[in-house]
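Close look at the chain arrangement
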Amino acid sequence: MIKFESVGKTFGPKNKPIRAVEDVSLAVEKGEIYGVIGYSGAGKSTLLRLVNLLERPTEGRILVNDRDVTEISSKELRHLRRRIGMIFQTFNLFNSRTVFGNVAYPLKLGGYPKHQLKQRVEELLRFVGLEDKADQYPEQLSGGQKQRVGIARALATSPDILICDEATSALDPETTNEILKLLKKVNEEYNITILLITHEMHVIRSICDRVAVMEQGRVIEEGNVFDLFANPQKQTTQNFIGSVQNDKLSPKLLEKLKRDHKGRLFRIIYKDGIASEPILSRATKKYDVDFNIIYGSINELQGKLFGSLIVEFTAENGKINEVINELGESVEFREVIDHES
Amino acid sequence: MKVDWSTFGPRLLESTGQTLTMVLVTLVVSSLFGLILGLLLFVTRKGNILENRIIFMILNLFINIIRPIPFIIFLVTISPVTRFVIGTTIGTWAAVFPMAIVASFVIARVVENNLVSIDPGIIEAAKAMGANWFQIVFGVLVLEALGPLILGLTFITVALIDFSAMAGTVGGGGLGHLAMTYGYQRFDSSVMLVTIVILIILVQIAQFLGNRISRKFLRR
């Protein structure tokens, strides 16, 4: 659907180049939600703009529906852009047009038949839940409503692809979730491929199928969201996961725990649905070891359970080692020594 | 020397009409040229949709040369050109010509300033929807800037009322001419007072209308 082949983008003068994107190769498959995460300045926003050629790559090729976008004429490019909807962090609605006018604008550009226009716009507004706001101006709407208008406008020309530039970054957590749900609905009901960029791991965890982590213009890690959560390789990736997983103890809390709890502390990482089996209680019962869950969380990730717990075992060392051996076969297991572990 | 109001009244009316003609004709002509020049200035700006350094530099230079010249001096300096284009340097139409030139460049700058202040994200959104530069300029930019643009035009209308009074002193007719010949040169302060009051009323009406109309379009 969208394919980046060794893509690079350099800004600025030749003697002082700024390399925003470097040697990126990615493939976004049809019908999936693909997320690119990175801190600000990582190059993800530039990468996104290469897809509809708001920025022109300086190296490599970008294929959209098997066509190299860098080689098409400007007229073809305008047609291609109607096949790619785009939404923005700051919504970028036309302030001088009503909600109806905003959604109708791309249709008018595409020469949509006039007598069907009203019906189409109403249908889109119903889809995003704003049918009663058609005659209002953007200034009268809340942030979440503005983004809904942005989504309706992006979907007006029935695109195959929706690209989202930090679409929820200007919204509060509750509104963020509403917009994410709406994006999921767009993906499922219209089978639209979504490529989004974000700096919030929450967004990736909530709706993405696959993810790429970007740093300094490069993709440093890429893959299925569950796998990335389960087995992050790079420090940056671990930091992003830590921001939503909430599984690292603060040094202060750990010190207190070690003082108050006489047993040994272990971290158990659940993956791949094992969390549904009572392995912990089974193993500890077998060797007569007391356990106490102190800290951690188990979340749903792409329909599977995924989590990380800190557990205290109280018993003599020999028994604890038996439990460790048994559990080690099915879950990741390590002793908590400092706050990083 | 006391003015005879029975003959002066119609003169006053006629002069007010001349002033209004000068201002309105200049406004229409210069809005058209100013809008074109302003849009040209904006789109040829660095990093913009039709970036062109040479056109931008020439336009920019012209505006910066014409704007600081005091209008009354410009009026006199350009009179050979006025004679060539209009056929005379005296009368209402001879005043409209220099006024329109200056106003066009001022409006060009006002248009450019208002377009620059539009969020570039909005232009990006229109581009991403497949709009060409013509559609972006007339379907998005002009519409988005309309509210502040009307306020800018109001400001210029008020300046034009001022200009027209000046044009009057060099034979342009209108209230300025009246105030000079009947008021200043004949030492009749009552004529001065009346023309001043009429000018103030005209300015008030212009500002009121401008505010009213722009409010309809201001959306942020």
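Predicted, not measured: the structure shown is a model, and the values here were computed from it.

**Re the packing of aromatic side chains**
In total, this model carries 8 aromatic pairs over all chains according to the counting rule given. Plain terms: the ring middles of B:Trp133 and B:Phe134 are 6.1 Å apart, the flat faces sit at 75 degrees to each other, and that makes the pair edge-to-face. Relative accessible area serves as the criterion here: at 43%, B:Trp133 is assigned to the partly exposed category. Geometrically, the ring pair formed by B:Phe134 and B:Phe138 is tilted, given 4.9 Å between the ring centres and 45 degrees between the ring planes. You can see B:Phe134 and its partner B:Phe138 sitting in helix H7 (residues 133-172), 4 residues apart, about one turn around the helix. Taken together, the ring pairs connect B:Trp133, B:Phe134 and B:Phe138 into an aromatic cluster. For the cation-ring pair, A:Arg97 lies above A:Phe94, with the distance from its terminal atom to the ring centre recorded as 5.7 Å. The positively charged end of A:Arg153 is found above the aromatic ring belonging to A:Phe94, 4.9 Å away from the centroid.

**Describing the nonpolar core**
Core analysis: the biggest nonpolar cluster contains 90 residues, and A:Phe4, A:Leu47 and A:Leu195 have the highest contact counts within it. Top contributing element to this core by residue count: H7(B), with 12 residues. The contacts of A:Leu47, once residues within four sequence positions are left out, are A:Phe4, A:Val21, A:Val24, A:Leu26, A:Val36 and A:Met214. With 53 residues, the next largest nonpolar core counts A:Phe91, A:Leu125, A:Ala152 and A:Leu171 among its residues.

**Structural notes on the UniProt feature "transmembrane region" (unreviewed entry) in chain B**
Residue and element names in this part refer to chain B. Taken from the UniProt record, the annotation "transmembrane region" (unreviewed entry) applies to residues 20-42, 54-78, 90-111, 132-161 and 190-210. With 100% helix and 0% strand, residues 20-42 has end C-alpha atoms that lie 31 Å from one another. The span residues 90-111 shows a helical share of 91% and a strand share of 0%, and its end C-alpha atoms are spaced 31 Å apart.

**A few points about the sheet that holds strand E2 (residues 18-28) of chain A**
Residue and element names in this part refer to chain A. Strand order in the open sheet made by the 4 strands is E2-E1-E4-E5, with antiparallel pairing throughout. Single-partner strands in this sheet number two, and they are E2 and strand E5 (67-68). As defined by bridge partners, strand E1 (residues 2-11) adjoins strand E4 (residues 59-64) across 5 bridges and the pair is classed as antiparallel. Looking across to E4, one finds that Phe4 is bridged to Ile62. In the packing of helix H1 (residues 44-51) onto the sheet, contacts are made with E1, E2 and E4, and the angle to E1 comes to roughly 120 degrees.

**A short note on the layout of surface pockets**
By volume, the largest pocket is sized at about 770 Å³. If you trace the largest pocket, you find 27 residues lining it, with A:Leu54, B:Gly47, B:Asn48, B:Ile49 and B:Lys127 closest to the centre. For the lining of the largest pocket, the secondary structure elements donating two or more residues are helix H2 (74-82) of chain A together with helix H5 (92-116), helix H6 (120-128) and H7 of chain B. Of the residues in the lining of the largest pocket, the class split is 14 nonpolar, 4 polar and 9 charged.

**Considerations on the packing of helix H4 (residues 79-86) of chain B against H5(B)**
Residues and elements named next belong to chain B. Between H4 and H5, the least distance of the axes is 10 Å, while the angle of their chain directions is 120 degrees. Regarding the angle of H4 to H5, the classification is oblique. Note on packing geometry: the crossing formed by H4 with H5 is right-handed. Counting all contacts with H4, which are made through Val81, Thr82, Val85 and Ile86, the residues of H5 involved are Trp93, Ala94, Phe97 and Pro98. Class assignment of the residues belonging to the contact of H4 with H5 gives a composition of 7 nonpolar, 1 polar and no charged.

Thresholds, definitions, all that
Residues numbered from 1 in each chain as written. Chains lettered and ligands numbered in written order. Predicted model: local features only at pLDDT ≥ 70, side-chain atom pairs only at ≥ 80, totals over all residues. Heavy atoms only, no water. Phe/Tyr/Trp six-rings, centres within 6.5 Å; stacked < 30°, edge-to-face > 60°. Buried < 20%, exposed > 50% of the residue type's maximum accessible area, 1.4 Å probe, protein only. Helix = DSSP H or I, 4+ residues; strand = E, 2+ residues; numbered from the N terminus. Lys NZ or Arg CZ within 6 Å of the ring centre and 35° of its normal. Core = buried A, V, L, I, M, F, W, Y, C linked by side-chain atoms within 4.5 Å. Contact = heavy atoms within 4.5 Å. UniProt positions renumbered as here; feature names shortened; annotations may be inferred. Pairing = 2+ DSSP bridges. Axes fitted to C-alpha atoms, helices over the stretch in contact; angles between N-to-C directions. 1 Å grid on protein atoms, 1.4 Å probe; cavity = no way out; pocket = protein on both sides within 12 Å on 5 of 7 lines; lining within 4 Å. Points joined across faces, edges and corners; volume = space filled by probe spheres on them. Nonpolar A, V, L, I, M, F, W, Y, C, P; charged D, E, K, R; others polar. Parallel < 35°, antiparallel > 145°, perpendicular 65-115°, else oblique. Left-handed = near helix turned anticlockwise from the far one by under 90°.

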